[in-house]
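Understanding the architecture of this molecule
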Amino acid sequence: MDVSTAVDQRISTRAFLPDALSEAEVRDWLNKAQRAPSGGNVQPWRTIAVTGKALEDVIALGGQVLGADPRGQKTDRPIYPKDLWEPYEARRRRVGEMMYETLGIPREDRPARLAWFANNFRFFGAPLALFIVIDERMGHGQWGHTGMYLQTLALLAEERGWGTCMQECWGMMRPALKEHFKLAPTEMIWCGMAVGKPDKSHPVNTLRAERASLEEMAELHGF
Ligand SMILES: Cc1cc2nc3c(=O)[nH]c(=O)nc-3n(C[C@H](O)[C@H](O)[C@H](O)COP(=O)(O)O)c2cc1C
C-alpha cells in the first residue's frame, strides 16, 4: 500500500470485528511505529497495549467510573478549549451531526446519542486498545510530537488491514487509569486508540468526515 492510499483511506473506525490480533503482529506494528519523528528525538510517548482480560478490566473500570459520574473525572486538561470558537466549533458539530445521521439517530434522541457515545468506552468492540502515556511535565511541543506517533500508528495499521480510532475521551478518567496502570507520579494518559479489523458492514464505518478546502487552510507564497 502506498502512503497516499493509506492517508486517504484511513478513517476513524467505530465498529470492529472481534478477531484477535496476535502478540507478534502487535509487537511488529509497535516496533515500526517507533520510527515516528519527534523534536530532538525525545520520543515523549509510551504505549500500553491491552487485549483479552486486560481489555475487559479497563472496560469494567470505565463502567465504574463513568457510571458514578457520566461527566467523568476532573481534569485540568479538557479535550477542547473552553467556548471553542469558529470555525472550529462548527467543524466539531458538523462531524457529530454527520455521524449521527449515518447511524440514523435523530438530534432529539439524546438517550440514543449518549448510548452510542458510551461505545467509546468499550473501544467500539475492538479486540485491542492502546493507551498513549505522556509525562505531565512535557509541553505543547511534545504533545504535538506524540500526535506524529498516533498518525504513524494509524497509517501502519491501514497497511495491515486494521482500522483505528484515536480516543481522547479516555482523558475523562485520567486519574482512574493512572492508578489502574500504576503510572509513574508524573505520567498521565493522553489518549486511547481502538484497534482491530474494521466491521465493513456497519454503517458508522461509511462516514467520511469532511475537510476544509486548501484555500481555507493554506497560503502559498513565491510560486
Ligand atoms: C487525538 C484524537 C482523539 C480523538 N478522540 C476521539 C474520541 O474520543 N472518540 C471518537 O469517536 N473519535 C475521536 N477522534 C476521531 C475524530 O473525531 C476524527 O479523527 C475526525 O472527526 C475526523 O474523522 P476521520 O478520522 O474519520 O477522518 C479523535 C481523533 C484524534 C486525532
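Now for a look at the structure at hand. (Residues numbered from 1 in each chain as written. Predicted model: local features only at pLDDT ≥ 70, side-chain atom pairs only at ≥ 80, totals over all residues.)

Let us now look at the overall build of the protein chain. Looking only at helices and strands, the protein chain has eight helices and four strands in total. Against the 2.2 N^0.38 benchmark of 17 Å for 223 residues, the protein chain shows a C-alpha radius of gyration of 18 Å, consistent with a compact globule. With respect to the principal axes defined by its C-alpha atoms, the protein chain has extents near 55 × 50 × 35 Å. Residues counted as buried form 22% of the 223 residues belonging to the protein chain. For the protein chain, contacts bridging at least 24 residues in sequence account for 84% of all contacts bridging at least 6. (Helix = DSSP H or I, 4+ residues; strand = E, 2+ residues; numbered from the N terminus. Rg over C-alpha atoms; globule rule 2.2 N^0.38 Å. Buried ≥ 20, exposed ≤ 12 C-beta atoms within 10 Å, placed from the backbone. Contact = placed C-beta atoms within 7 Å.)

With respect to the element layout, L61 can be found in helix α3 (residues 52-68). For the pair formed by L61 and F121, sequence separation is 60 residues and the distance between their alpha carbons is 9.5 Å. Among residues more than four places away in sequence, those in contact with L61 are A176 and H180.

Okay, unusual backbone geometry next. Here the bond from E86 into P87 is cis, since omega is 5°, no more than 30 degrees from zero. Relative to the elements of secondary structure, P87 occurs in the loop between α3 and α4 (88-103). Positive phi is not limited to glycine here, since N41 has a value of about 55°. Looking at the secondary structure, you find N41 in the loop between α2 (23-33) and β1 (45-51). The backbone phi angle of D83 is positive, close to 50°, even though this residue is not glycine. Assignment of secondary structure puts D83 in the loop between α3 and α4.

Glancing now at the pairing of strand β4 (residues 187-196). Working note: regular strand, side chains alternate between the two faces of the sheet. Along β4, eight of the ten residues are buried, which leaves the element largely enclosed by surrounding structure. Of the pairings in the sheet, the one linking strand β2 (residues 128-135) to β4 comprises eight bridges and is antiparallel in character. The residue of β4 that forms the bridge with L128 is V195. Two elements, strand β3 (residues 163-167) and β4, share five bridges in a ladder whose sense is antiparallel. Bridging across to β4, G163 finds its partner in G196. (Pairing = 2+ DSSP bridges.)

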